[in-house]
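These are the residues of each chain, in order.
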Amino acid sequence: MKRIYLDNAATSPVAAEVREAVEPYLAAVFGNPSSVHSYGQEARTAVEAARETVAGFIGARGSELVFTSGGTEANNYALKGVAYANEHKGRHIVTSSIEHHAVLEPCRFLETRGFRVTYVPVDHDGLVDPDDIKKAIGDDTILVSVMHANNEVGTIQPIAEIGRIARAAGVYFHTDAVQTVGHLGVNVDELGVDLLSMSAHKFYGPKGVGALYVREGTVLDSFVHGGAQEEKRRAGTQNVPAIAGFARAVQLALQEMDSEAERQTRLRDRFAASLLASMERVWLNGHPTRRLPNNVNVSVDLVDGEAMLLNLDLEGICVSSGSACSSSSHEPSHVLVALGYLPEQCRGSLRLSLGRTNTEEDVGKVLAVLPGIVERLRALSPSSKPRK
């Protein structure tokens, strides 16, 4: 049975070209980039070349890029680094109610350390109103953090407009761009951000490597202490193979990102329309058009999302019921709750995220089997029985 992978928002398969780029740094070029001998300098040259490649991809300079272990570390570094370095100016942070846990949890941690966080709401489509950000900013605000696109429902936020508001207020602005870098054009100056998080494995690079863009002049404390790596901003021996793979993934994205986004958007729209037409009591979550090219998130009434996921897996179709980072939780999605759905409505959600290998035939297979799965599960659901 052919397996169909439709969970690319959780992670993507490492591209063959990326695997080839990584291999030399696992064996032949194995030196520590901090070593002064030729082995070390060969590795250092690779790291610095990768830094320029990744930074240039987002319109930044190499000196403004800090390599991290991924998006979670980059988000933690941005929030905690700015908070502790600027607490003499204020202890207030503004974020949105639908951020990834890698932003929400650092915010909650900072609240236990005396910082104050405002969680700005979103509308039913998952959009942040820039006016709400403006109203939330006060004299003691030091940071605004709003994700570029939501990882569950795919809604793309008005980051450039929020960036202008933050700049006018003299407040640092961070965006979690883990879901957009490598899929959409991202330019730090056009977005008006001071800090931006990204992760390689979301666009066919290796797991365990990401980066934080830090605009020159942005004041933040070091997050990991130890050696002098990353200009003393992030201690620890750099993961040279993964960093080389990160840069190769960026080069691939430069070649095919625009055409792939166009292809996936067409496939996404056909997929979403057909899903809604094939079943009753199904609705699309997130903004209908202002969304990631690869994201289809639907809620199916009177059906448990995990049950749908397991039944689809038996058919060889791999999807998600929400964020991979919270898949083990039995709590309703905080994103869907923020959009105004009741907890019981949230439990019937599916996230299907397309990748470069997905085809019309893959979509057709899902459309052929999902309605039958839903019908069977509804027949078994006590909620679908008429009340006496």
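Please refer to the structure placed before this passage.
Scoring rules and cut-offs
- Residues numbered from 1 in each chain as written.
- Predicted model: local features only at pLDDT ≥ 70, side-chain atom pairs only at ≥ 80, totals over all residues.
- Heavy atoms only, no water.
- Helix = DSSP H or I, 4+ residues; strand = E, 2+ residues; numbered from the N terminus.
- Buried < 20%, exposed > 50% of the residue type's maximum accessible area, 1.4 Å probe, protein only.
- Pairing = 2+ DSSP bridges.
- Axes fitted to C-alpha atoms, helices over the stretch in contact; angles between N-to-C directions.
- Contact = heavy atoms within 4.5 Å.
- Phe/Tyr/Trp six-rings, centres within 6.5 Å; stacked < 30°, edge-to-face > 60°.
- Lys NZ or Arg CZ within 6 Å of the ring centre and 35° of its normal.
- Parallel < 35°, antiparallel > 145°, perpendicular 65-115°, else oblique.
- Left-handed = near helix turned anticlockwise from the far one by under 90°.
- Nonpolar A, V, L, I, M, F, W, Y, C, P; charged D, E, K, R; others polar.

Structural notes on unusual backbone geometry
- A positive phi is found at Glu230, a non-glycine position, where the angle reads about 55°.
- Along the polypeptide, Glu230 turns up in helix 8 (residues 229–232).
- Under the relative-accessibility criterion, Glu230 is labelled buried at 4%.
- Unusually for a residue other than glycine, Glu231 sits at a positive phi of about 55°.
- Along the chain, Glu231 turns up in helix 8.
- In this structure Glu231 comes out as exposed when scored by relative accessible area, which is 63%.

Brief notes about the sheet that holds strand 7 (residues 195–199)
- If you walk across this open sheet you meet the seven strands as 2-8-7-6-5-3-4, and the pairing is mixed. Looking at the sheet topology across the chains shown, the edges are occupied by strand 2 (65–68) and strand 4 (116–120). The mean angle between the axes of side-by-side strands here comes to 20°, regardless of whether they run parallel or antiparallel.
- Note that strand 3 (residues 92–96) and strand 5 (residues 141–145) share four bridges and pair parallel. Looking at strand 5, one finds that Thr95 is bridged to Ser145.
- Across the sheet, helix 4 (residues 101–111) touches strand 3, strand 4, strand 5 and strand 6 (172–176), and the angle it forms with strand 4 is around 145°.

Considerations on the packing of aromatic side chains
- On inspection of all chains with the given rule, the structure shows six aromatic pairs.
- Here Tyr77 and Phe223 contribute two aromatic rings whose centre-to-centre distance is 6.2 Å and whose plane-to-plane angle is 25°, an arrangement assigned as stacked. Of this pair, Tyr77 sits in helix 3 (residues 71–86) while Phe223 sits in the loop between strand 8 (210–214) and helix 8, placing them 146 residues apart in sequence.
- A residue is classified by how much of its surface remains accessible, and Tyr77, at 1% relative accessible area, is buried.
- The exposure class assigned to Phe223 is partly exposed, which follows from its relative accessible area of 28%.
- For the ring pair Trp283 and Tyr341, a centre distance of 5.9 Å and an interplane angle of 35° mean the geometry is tilted. Note that Trp283 is positioned in strand 9 (residues 282–284) and Tyr341 in the loop between helix 11 (334–338) and helix 12 (343–346), a separation of 58 residues in sequence.
- Taken together, the aromatic side chains of Phe67, Phe203 and Phe246 make up a single cluster linked through ring pairs.
- Here the guanidinium or amino end of Arg91 rests over the ring plane of Phe115, the centre of that ring lying 4.1 Å away.
- Positioned over the ring face of Tyr204 is Arg356, at 3.7 Å from the centre of the ring.

Regarding the packing of helix 10 (residues 305–314) against helix 13 (residues 360–380)
- Closest axis-to-axis distance for the helix 10/helix 13 pair is 10 Å, and the angle between their directions is 130°. With respect to helix 13, the axis of helix 10 lies oblique. Judged by the twist between their axes, the crossing of helix 10 over helix 13 is right-handed. In this structure, helix 10 uses Ala307, Met308, Asn311 and Leu312 to contact helix 13, whose residues at the interface are Val369, Leu370, Ile373, Val374, Arg376 and Leu377.
- Class assignment for the residues of the contact of helix 10 with helix 13 results in eight nonpolar, one polar and one charged.

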